[in-house]
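An overview of the molecular structure
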2 protein chains.
Amino acid sequence: MYRIDLPTYDVPKKWYNINADLPIDLPKPKSSEGKDQVGDLPNMLINECLKQELSNKRYIKIPKEVRELYQRMGRGTPLCRAKGLEEKLNTPAKIYYKREDTSPTGSHKLNSAIAQAYFAKKEGVEKLTTETGAGQWGTALSLASSLMDIDCTVYMVRVSFEQKPFRKSIMQVYDGNVYPSPSMNTEVGRKINKETPNHPGSLGIAISEAVEEALADEKTKYSLGSVLNHVILHQTVIGQEIKTQLEIAEEEADTVIACVGGGSNFGGAVFPLIKDKINGNSNTEFIAVEPAACPTLTQGEYKYDFGDNMAFTPLLKMFTLGHDFVAPSDHAGGLRYHGMNPQVSLLANEGYITSKTALQTDVFAAGQLFAKTEGVIPAPETNHAIKVAIDEAKKCKETGEEKTIVINFSGHGLMDYKGYASFMDGTMENSI
Amino acid sequence: MYRIDLPTYDVPKKWYNINADLPIDLPKPKSSEGKDQVGDLPNMLINECLKQELSNKRYIKIPKEVRELYQRMGRGTPLCRAKGLEEKLNTPAKIYYKREDTSPTGSHKLNSAIAQAYFAKKEGVEKLTTETGAGQWGTALSLASSLMDIDCTVYMVRVSFEQKPFRKSIMQVYDGNVYPSPSMNTEVGRKINKETPNHPGSLGIAISEAVEEALADEKTKYSLGSVLNHVILHQTVIGQEIKTQLEIAEEEADTVIACVGGGSNFGGAVFPLIKDKINGNSNTEFIAVEPAACPTLTQGEYKYDFGDNMAFTPLLKMFTLGHDFVAPSDHAGGLRYHGMNPQVSLLANEGYITSKTALQTDVFAAGQLFAKTEGVIPAPETNHAIKVAIDEAKKCKETGEEKTIVINFSGHGLMDYKGYASFMDGTMENSI
């Protein structure tokens with residue numbers, strides 16, 4: 001079987017909340033001294049999402065309308081066997097990849113965007129604001145907002161905005177309002193623009209702009225595409241589907257591999273499976289792969305830190321490189337974040353998750369090999385997972401182990417041709 | 001049901017050859033006076049493809065290896081119900097779309113590329129040459145050649161080469177050798193470059209370069225992505241799958257709509273269904289949609305003409321705007337061809353196919369509406385089919401007819417953002 005399909009009616013009916021099964025309680029968000037960021041949350045976030053963020057209920061029902069949109073937007077996604085790659089590597093390992101790239105916007109991001117836009121609409125929210133780096137999240141939220149008929153404003157890190165005019169165009173097809181950040185829309189933006197004309201921007205600044213706009217108007221809410229628990233909750237449809245599909249294929253995963261930036265594609269794929277490991281019923285290894293240039297889990301500190309540069313957000317207990325950390329320019333824009341989802345952080349700290357880093361040139365080499373053998377061109381982020389999967393499959397060749405390796409294929413790289421171009425012409429550098 | 005999947009094991013086992021069922025015999029290719037282009041064919045084309053080109057056998061077995069690659073590269077593709085679009089149009093019509101965009105290279109082109117690369121390899125061919133305009137065919141043949149481990153040289157119309165650096169990068173990921181045409185590799189190219197430095201190129205010139213290179217070396221063959229009968233033969237997996245999927249959905253198509261350039265996505269989707277109409281067992285309407293700026297079927301003449309500008313190819317009996325016709329610059333690069341597949345031409349001439357034209361700005365408006373309601377962003381070519389499908393659905397609203405409309409969704413538009421950008425900023429023009 002080259003592909004295990006899930007019929008649309010088999011899309012999961014519930015999201016899985018790992019809070020109910022964590023080995024220890026998740027530390028709560030905190031305000032910093034003299035400020036009340038936690039108190040600001042209800043003005044900032046969609047109410048239902050905030051409720052989910054703090055919930056300990058094991059399963060949360062997916063509303064009928066959200067499930068219908070999941071179905072219409074391509075869920076369940078296929079789980080494919082990477083036969084061509086296996087043969088090229090001459091490995092006894094079996095490699096599967098879960099194709100989240102088959103979403104209309106090309107990545108897993110739509111799973112949370114649809115849910116957030118749905119709850120926002122239901123609560124009378126008229127506009128969502130957000131930030132985007134690589135553009136995957138901004139694209140997904142633009143589409144989801146268009147489907148729910150609400151406005152969407154995207155602050156796109158200026159350097160990305162200028163380097164990726166196509167991302168802007170695609171968001172505009174979905175009626176997204178895209179601004180280069182720092183913009184002139186917000187106090188934060190105007191201040192930075194005044195001090196530093198043509199500032200290249202950063203994810204932290206873009207978040208601050210989106211939050212400022214949301215706090216200023218009660219019909220406007222801020223929507224985040226990763227890091228927070230409710231985002232990963234929405235993404236658990238991925239892991240639940242993987243579980244069902246592995247059962248159909250009569251396989252058990254020895255290793256599950258995904259890239260990590262804020263944690264949403266990793267947590268979404270892994271949490272429904274890691275539950276058995278926490279309960280002592282599974283030996284599956286879960287590997288989170290991050291860029292060597294932004295080594296949050298491998299070299300960060302596990303402590304309370306802000307989610308953004310300007311300290312608008314509460315303090316979260318997480319692995320962090322410091323909220324003023326600026327990741328070097330890198331093509332895997334989705335992985336350049338200083339922090340990490342608190343649940344992923346806790347599980348990594350407790351030893352349930354292995355973390356690894358990979359060099360940019362190595363991950364693109366892995367991505368090209370994948371493209372040439374399996375057809376699909378992976379996103380730069382996804383290449384990180386593929387690199388480590390190939391390493392694992394090569395180890396199996398040495399040891400003769402017939403491991404079952406599952407990759408969460410978070411997105412395609414059709415819009416990341418500049419990264420591939422610089423890899424192929426030899427100008428790509430490893431910023432480390 | 002939002003999506004009718006076909007499991008990989010249900011991929012068709014045979015290609016369907018419409019030659020066996022045409023209402024009158026297909027006129028044969030001819031040489032022009034004093035030349036022997038027909039005699040050159042064996043040196044130019046892959047032997048098995050040439051055999052298929054002239055075959056009258058109704059079904060031709062798909063080799064096991066080709067079928068396996070079809071399966072691995074995403075076949076069967078889904079047939080989806082355009083529920084969101086239907087609701088937006090408030091039409092009683094049911095609209096389905098066959099998602100050929102789910103191929104790794106984003107269009108239907110891989111169906112023939114895999115077959116051609118397979119037969120080439122089997123015959124000891126070491127290199128395939130081809131031309132590409134929009135880039136879809138060059139991308140598909142680069143991947144197929146990489147999968148079969150043979151070389152691939154793509155002559156890309158210079159103006160496209162310069163406007164679409166991403167297409168070149170994607171082909172290079174698959175190890176395709178891409179040259180702007182006119183190039184310095186061939187006599188034709190050198191002559192044109194000498195006479196007109198910085199010549200923008202044309203599809204006709206690129207074909208002539210690819211053919212010249214193939215004729216000069218016996219281990220090199222020329223591969224075409226549309227127009228010829230064997231290409232459409234390979235594409236009939238699309239229509240056969242549609243037939244099976246409509247049966248599963250318990251639907252009968254009243255109208256099937258596809259865009260036409262050389263005829264491969266149209267013929268591939270339609271031939272397996274048009275058979276019943278030729279036999280008098282069906283009233284389905286088959287609509288071919290072309291750009292108003294390149295109106296081959298609607299305004300061309302049905303006569304013998306060359307397939308390329310330089311008259312290297314034999315004369316084919318087809319609808320043509322003249323082999324020296326230069327289509328105005330237009331974003332639907334895949335539809336800018338002066339001629340038309342001979343089988344499609346014959347069936348149009350005999351009244352089995354309705355042809356329509358559409359204006360560029362109208363088709364992009366249709367494409368944006370589709371993207372906002374269904375998620376997937378269509379290719380500019382595909383937008384032509386969508387435009388006419390929307391017109392038909394609107395007619396149904398007036399008449400109250402519950403027609404079943406099927407669109408062949410030939411490809412996605414993620415790499416055609418420039419067209420969308422110019423549509424949205426109002427700078428797009430209709431070159432007519």
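About the cut-offs
- Residues numbered from 1 in each chain as written.
- Chains lettered and ligands numbered in written order.
- Predicted model: local features only at pLDDT ≥ 70, side-chain atom pairs only at ≥ 80, totals over all residues.
- Heavy atoms only, no water.
- Pairing = 2+ DSSP bridges.
- Helix = DSSP H or I, 4+ residues; strand = E, 2+ residues; numbered from the N terminus.
- Contact = heavy atoms within 4.5 Å.
- Axes fitted to C-alpha atoms, helices over the stretch in contact; angles between N-to-C directions.
- Parallel < 35°, antiparallel > 145°, perpendicular 65-115°, else oblique.
- Left-handed = near helix turned anticlockwise from the far one by under 90°.
- Nonpolar A, V, L, I, M, F, W, Y, C, P; charged D, E, K, R; others polar.
- Expected span 1.5 Å × (residues − 1).
- Buried < 20%, exposed > 50% of the residue type's maximum accessible area, 1.4 Å probe, protein only.
- pLDDT = per-residue confidence, 0-100.
- Buried area = accessible area lost by both parts, 1.4 Å probe.
- Salt bridge = Lys/Arg side-chain N within 4 Å of Asp/Glu carboxyl O.
- Polar contact = N/O pair within 3.5 Å; in protein donor to acceptor, adjacent residues only side chain to side chain.
- Least-squares fit on C-alpha atoms with pLDDT ≥ 70 in both.
- Phe/Tyr/Trp six-rings, centres within 6.5 Å; stacked < 30°, edge-to-face > 60°.
- Lys NZ or Arg CZ within 6 Å of the ring centre and 35° of its normal.
- Arc of directions from axis to C-beta.
- Patch = residues over 30% accessible without salt bridge, like charges linked within 9 Å, V, L, I, M, F, W, Y side chains within 5 Å.
- Areas by Shrake-Rupley, 256 points an atom, 1.4 Å probe, with all protein chains shown as cover.
- Lys, Arg positive; Asp, Glu negative; His and termini not counted.
- Charge placed at Lys NZ, Arg CZ, Asp CG, Glu CD.

All names here are of chain A. Spatial strand order, E1-E4-E5-E15-E10-E11-E14: seven strands in an open sheet with mixed pairing. The open sheet has two free edges, formed respectively by strand E1 (3-4) and strand E14 (354-358), since each of these has just one partner strand. Examined bridge by bridge, strand E10 (residues 255-259) and strand E11 (residues 285-291) share five bridges and lie parallel to one another. Opposite Val 256, over in E11, you have Phe 286 as the bridge partner. Strands E10, E11 and strand E15 (404-409) of the sheet are contacted by helix H12 (residues 264-278), whose axis makes an angle of about 155° with E11.

All names here are of chain B. At their nearest, the axes of helix H6 (residues 136-148) and helix H8 (residues 165-173) sit 8 Å apart, and the two run at 15° to each other. As far as their axial angle goes, H8 and H6 are roughly parallel. Between H6 and H8 the crossing geometry is left-handed. Residue-level inspection shows Gln 136, Gly 138, Thr 139 and Ser 142 of H6 in contact with H8, the latter providing Arg 167, Ile 170 and Met 171. Across the contact of H6 with H8, the residue classes break down as two nonpolar, four polar and one charged.

Moving on: helix H5 (residues 110-122) of chain A. Helical geometry: 3.6 residues make up each α-helical turn, so side chains three or four residues apart lie on a common side. Residues and elements named next belong to chain A. Spanning 13 residues, H5 covers 18 Å between terminal C-alpha atoms, matching the ideal 18 Å at 1.5 Å per step. For H5, the tally of buried residues reaches eleven of 13 residues, placing the bulk of the element in the interior. Those residues of H5 that sit buried are Leu 110, Asn 111, Ser 112, Ala 113, Ile 114, Ala 115, Gln 116, Ala 117, Tyr 118, Phe 119 and Ala 120. Where the residues of H5 are buried, they touch strand E2 (14-16), helix H2 (47-54), helix H3 (64-72), strand E6 (127-132), helix H6 (136-148) and helix H11 (229-248). With its phi angle positive at about 85°, Gly 124 sits one or two positions after the end of H5.

Residue and element names in this part refer to chain B. Topologically, Cys 80 is positioned in strand E4 (residues 79-81). Distance from Cys 80 to Ile 4, taken between C-alpha atoms, is 6.2 Å for residues 76 residues apart in sequence. With residues near it in sequence (within four places) discarded, Cys 80 still touches Tyr 2, Arg 3, Ile 95, Tyr 96, Tyr 97 and Arg 99.

So, on to the confidence of the model for chain A. Across chain A, the average pLDDT comes to 95, with 100% of residues at or above 70. Prediction confidence for the complex, expressed as pTM and ipTM, is 0.96 and 0.96 respectively.

Listed as interface residues are 43 residues of chain A and, on the opposing side, 43 residues of chain B. Of the roughly 3800 Å² buried between chain A and chain B on both sides combined, carbon and sulfur atoms contribute 59%. The interface formed by chain A and chain B holds four salt bridges in total. The shortest N-O distance in the salt bridge between Glu374(A) and Arg72(B) comes to 3.9 Å. Between the two partners, chain A and chain B, sit 18 residue pairs in polar contact (both at pLDDT 80 or more). Secondary-structure elements contributing two or more residues to the side of chain A that touches chain B are H3, helix H4 (83-89), H6, helix H8 (165-173), helix H15 (360-374) and helix H17 (417-424) of chain A. Along the lines of polarity and charge, the residues of the side of chain A that touches chain B split into 20 nonpolar, 13 polar and ten charged.

This part is about the relation of the copies chain A and chain B. The two chain copies are connected by a rotation around an axis plus a translation along it. Overlaying chain A on chain B yields an RMSD of 0.0 Å, the required transformation being a rotation through 180° with an accompanying axial translation of 0.0 Å. The operation mapping one copy onto its partner corresponds to a two-fold rotation axis. Most of the interface of chain A is mirrored in chain B, where 100% of its interface residues again form contacts.

For the rest of this paragraph, the subject is the packing of aromatic side chains. When we look at a pair of aromatic rings, we describe it by the centre distance and by the angle of the planes. The full count for this structure, using the stated rule, is 24 aromatic pairs over all chains. Judged by centre distance (5.8 Å) and plane angle (50°), the rings of Tyr16(A) and Tyr59(A) are tilted. In this pair, Tyr16(A) sits in strand E2 while Tyr59(A) sits in strand E3 (residues 59-61), placing the two residues 43 residues apart along the sequence. Under the relative-accessibility criterion, Tyr59(A) is labelled partly exposed at 34%. Here the aromatic rings of Tyr97(B) and Phe370(B) are separated by 4.9 Å at their centres, their planes lie at 85°, and the arrangement is edge-to-face. One end of the pair, Tyr97(B), is in strand E5 (residues 94-99); the other, Phe370(B), is in helix H15 (residues 360-374), and 273 residues separate them in sequence. Residues Tyr97(B) and Phe370(B) agree in their burial class; the two are buried. A network of ring pairs unites the aromatic residues Phe166(A), Tyr417(A), Phe166(B) and Tyr417(B) as a single cluster. Against the face of Tyr304(A) rests Lys30(A), its NZ or CZ located 4.1 Å from the ring centre. The ring of Tyr59(B) is capped by Lys14(B), whose NZ or CZ atom sits 5.3 Å from the centre of that ring.

It is worth spelling out unusual backbone geometry at this point. In this chain, Arg75(A) is followed by Gly76(A) through a cis amide linkage whose omega measures -10°. You can see Gly76(A) is positioned in the loop between H3 and strand E4 (79-81). Within the chain, Glu250(A) stands out as a residue other than glycine whose phi angle is a positive 55°. Tracing the sequence through the fold places Glu250(A) in the loop between H11 and E10. Among the residues examined, Glu250(A) registers a relative accessible area of 72% and is labelled exposed. A positive phi angle, close to 50°, is found at Asn90(B), a residue other than glycine. In this fold, Asn90(B) is placed in the loop between helix H4 (83-89) and E5.

Once that is clear, we can look at helix H9 (residues 187-195) of chain A. Residues and elements named next belong to chain A. If you check which residues of H9 are buried, you get Val 188, Gly 189, Ile 192 and Asn 193. The buried residues of H9 occupy one face: seen down the axis, they fall within an arc of 125°. Away from its buried face, by an angle of more than 90 degrees, H9 presents the exposed residues Glu 187, Lys 191, Lys 194 and Glu 195. Elements in contact with the buried residues of H9: helix H7 (158-163) and helix H10 (203-215).

A cluster of like negative charges, contributed by Glu126(A), Asp149(A), Asp151(A), Asp217(A) and Glu218(A), occupies part of the molecular surface. Position of Glu126(A) relative to the elements: it lies in the loop between H5 and E6.

Let us look at the pattern of salt bridges. Inspection of the entire model under this criterion finds 34 salt bridges over all chains. In this structure, Arg58(A) engages Asp21(A) in a salt bridge whose closest nitrogen and oxygen atoms are separated by 2.7 Å. Placement of the pair is Arg58(A) in the loop between H2 and E3 and Asp21(A) in the loop between E2 and helix H1 (37-44), with a sequence separation of 37 residues. Take Arg58(A): its relative accessible area is 35%, and that puts it in the partly exposed class. The exposure class of Asp21(A) is buried, given its relative accessible area of 9%. Between Lys372(A) and Asp175(B) there is a salt bridge, with the nearest N and O atoms lying 2.6 Å from each other. Taken together, the residues span two chains, with Lys372(A) in helix H15 and Asp175(B) in the loop between H8 and strand E8 (177-181). We classify Lys372(A) as partly exposed; its relative accessible area is 24%.

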